[in-house]
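So the chains spell out like this:
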Amino acid sequence: MQTCDADLIIIGAGPAGLTAAQYGARANLRTLVFEQLAPGGQALTIDVLENYPGNIGKPGQEPGGSARSGFDFAQDLYRQALDFGAGFTTAQVTALEKEGGLFTVTAEDGGVRRAPALILATGAARRTLGVPGEAQFTGRGVSYCATCDGPFFRGRKIVVAGGGDAACDEAQYLSRLSPRVILVHRRDRFRAQAGLVDRVRGNPNIELRLNTLIREIRGGQTVSSLILEHSDNAGRGTGRTYEESADAVFVFVGTVPQTSLVPGLEKDEAGYIVTDQRMESSVPGLFVAGDVRSSPFRQVVVAAAEGAIAAHCAAEYIGALGQGPAGGPPGAARG
């Protein structure tokens, strides 16, 4: 008979996974989290987390009056989960299956862990432009993280691609490093929240280029220019192109849900996993939270809420199985 290594396994340690770990451990579940990188997920790249409830402040305020960074926020979530007794293993999960009522998780090092309930919080990866030169110049002028690489281009000419919240946020951050930021979007209007758009429009360091597509990234050792194309209001190219000098390109054009571990789960038309209001997927006992889940709104606060709901409902699911939490002292599942 297969034995359980934990009551609850969580794959992914972004805001959703970390919150789920906290709530799972507080429910006296032996909780084990797998994360292949550092805890925090995409929150680590947020310069100023100004729109999280209670995280008060605006960019540019004096220390003590400003909102925390995404990095600091993620570190607090991680420490909270540890304090409540959640365990963490730094490893990529390579396989996931359900057999005999237990979920079996296989890690890259060959380690295998089993639990009756599982929360998938693998998030979403940055989408690329898919244009010539993008892959060639990644790390040499092409970046997907402004807070990581922006300081390398202080005072230089920077192009930001995208029209959502992330593009507007990152353009704002980069505008504090350089007075020459061009925000390029393929349509005639932004899809970002109105407040963010107003702030970008009023920023003298940001030039807006709507109805514009990036068709090619050029350079020698590093990026030196872009080929841009005018587009119609639907984002389709018109054939009219021109070359624009640039030192860096920061790409924020959406995300791709990370669902390779669960190809058979029900998904929406964009590939995000469909769940019920309890965050439970089409497989009983498999819950989903955060950016990998089908949702009309993806924000840190939403991910945290979904993580809490998923952990709460996972505990109820385990209780309904008649097993109850395996318990154990804090840290019992720590990898």
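Right above here is the structure, for reference.
The residue numbering used here restarts from 1 in each chain and proceeds along that chain's sequence as written. Restriction of local features to residues with pLDDT of at least 70 applies here, the model being predicted, together with a cutoff of 80 or more for giving and counting side-chain atom pairs; totals for whole chains, interfaces and linings are based on all residues. Side-chain measures here rest on the full set of heavy atoms in the structure, leaving out hydrogens and waters.

Peer 1: Would you mind going over the overall build of the protein with me for this structure?
Peer 2: Working definition: helices are DSSP H or I runs of at least four residues, strands are E runs of at least two. Numbering for both runs from the N terminus. When helices and strands are counted, the protein shows six helices and 18 strands. Note that the radius of gyration is over C-alpha atoms, with the globule rule given as 2.2 Å times the number of residues to the power 0.38. By the compact-globule yardstick of 20 Å for 335 residues, the protein fits well, its C-alpha radius of gyration being 22 Å. Counting only C-alpha atoms and orienting by the principal axes, one finds that the protein spans roughly 65 × 45 × 35 Å. Among the 335 residues that make up the protein, the fraction classed as buried is 50%. By the convention used here, residues are in contact when the closest approach between their heavy atoms is within 4.5 Å. Across the protein, every contact between residues at least 6 apart in sequence was considered, and the portion connecting residues at least 24 apart equals 60%. Accessible surface, the protein as shown: approximately 15200 Å² in total, 50% of it carbon and sulfur. Working convention for charge: Lys and Arg count positive, Asp and Glu count negative, and His plus the chain ends are omitted. To locate a charge, take atom NZ for lysine, CZ for arginine, CG for aspartate or CD for glutamate. Of the charged side chains in the protein, 32 are positive and 35 negative; the average position of the first set lies 4 Å away from that of the second. To sort residues, take the accessible area from a 1.4 Å probe on protein chains only and compare it with the maximum for the residue type: under 20% means buried, over 50% means exposed, and anything in between is partly exposed. Where accessible areas are quoted, they stem from the Shrake-Rupley method and a 1.4 Å probe; at the residue level, only the protein chains shown are allowed to cover.

Peer 1: Looking at this structure, I do not really get helix α5 (residues 194–201). What am I missing?
Peer 2: Because each turn of an α-helix spans 3.6 residues, side chains separated by three or four positions end up pointing in the same direction. Taken together, the buried positions of α5 are Leu-196, Val-197 and Val-200. Each buried residue of α5 lies within a common arc of 100° when the element is viewed along its axis, so the set occupies one face. Exposed side chains of α5 directed beyond 90 degrees from the buried face belong to Ala-194 and Asp-198. Packing partners of the buried residues in α5 comprise α4 (165–175), β11 (181–184) and β12 (206–209). Think of the arc as the fan of directions from the helix axis to the C-beta atoms.

Peer 1: For this particular structure, what's the right way to read the environment of Arg-278?
Peer 2: Mapped onto the fold, Arg-278 is located in the loop between β17 (255–257) and β18 (286–288). Residue classification places Arg-278 among the partly exposed residues on the basis of a relative accessible area of 32%. In sequence terms Arg-278 and Ala-311 are 33 residues apart; their C-alpha atoms lie 9.5 Å from each other. Pairing of N or O atoms within 3.5 Å defines a polar contact, subject to two protein rules: one partner must be a possible hydrogen donor and the other a possible acceptor, and residues neighboring in sequence count only if both atoms are side-chain atoms. A polar contact of 3.0 Å, which involves the side chain of Arg-278, links it to the side chain of Glu-316.

Peer 1: Help me understand the sheet that holds strand β5 (residues 102–107) in this model?
Peer 2: Sheets are built from strands that pair by backbone hydrogen bonding, the pairs being arranged parallel or antiparallel. Note on pairing: DSSP must find at least two bridges between two strands before they are called paired. Pairing within the open sheet is antiparallel, and its three strands lie in the order β4-β5-β6. Looking at the sheet topology across the chains shown, the edges are occupied by β4 (93–99) and β6 (112–115). Along the sheet, successive strands turn relative to each other by an average axial angle of 20°, direction set aside. The convention used is that axes are lines fitted to C-alpha atoms, helices contributing only their stretch in contact, and that angles between N-to-C directions extend from 0 to 180 degrees.

Peer 1: Got a minute to help me understand the sheet that holds strand β2 (residues 31–35) in this structure?
Peer 2: Overall, parallel pairing links the five strands, which are arranged β3-β2-β1-β7-β18 in an open sheet. The sheet is open, and its two edges are formed by β3 (87–90) and β18, each paired on a single side. For this sheet, the mean angle separating the axes of adjacent strands, direction not counted, is 20°. Where strand β1 (residues 8–11) lies against β2, four bridges are found, and the strand directions are parallel. What sits directly across from Ile-11, in β2, is Phe-34.

Peer 1: It is not clear to me how the state of the cysteines should be interpreted in this structure. Could you clarify?
Peer 2: Covalent bonding between the sulfur atoms of two cysteines defines a disulfide. Sulfur atoms of two cysteines make up a disulfide when they are within 2.5 Å. By the definition in use, this model includes one disulfide. At a sulfur-sulfur separation of 2.1 Å, the disulfide partner of Cys-145 is Cys-148. With the S-S dihedral at roughly 70°, the linkage between Cys-145 and Cys-148 falls on the right-handed side. Accessibility expressed as a relative area gives 8% for Cys-145, which makes it buried. On the basis of relative accessible area, Cys-148 is assigned to the partly exposed category, the value being 45%. Unpaired in terms of disulfides, Cys-4 finds its nearest cysteine sulfur in Cys-313, a separation of 20 Å. On the accessibility criterion, Cys-4 (28% relative accessible area) is partly exposed.

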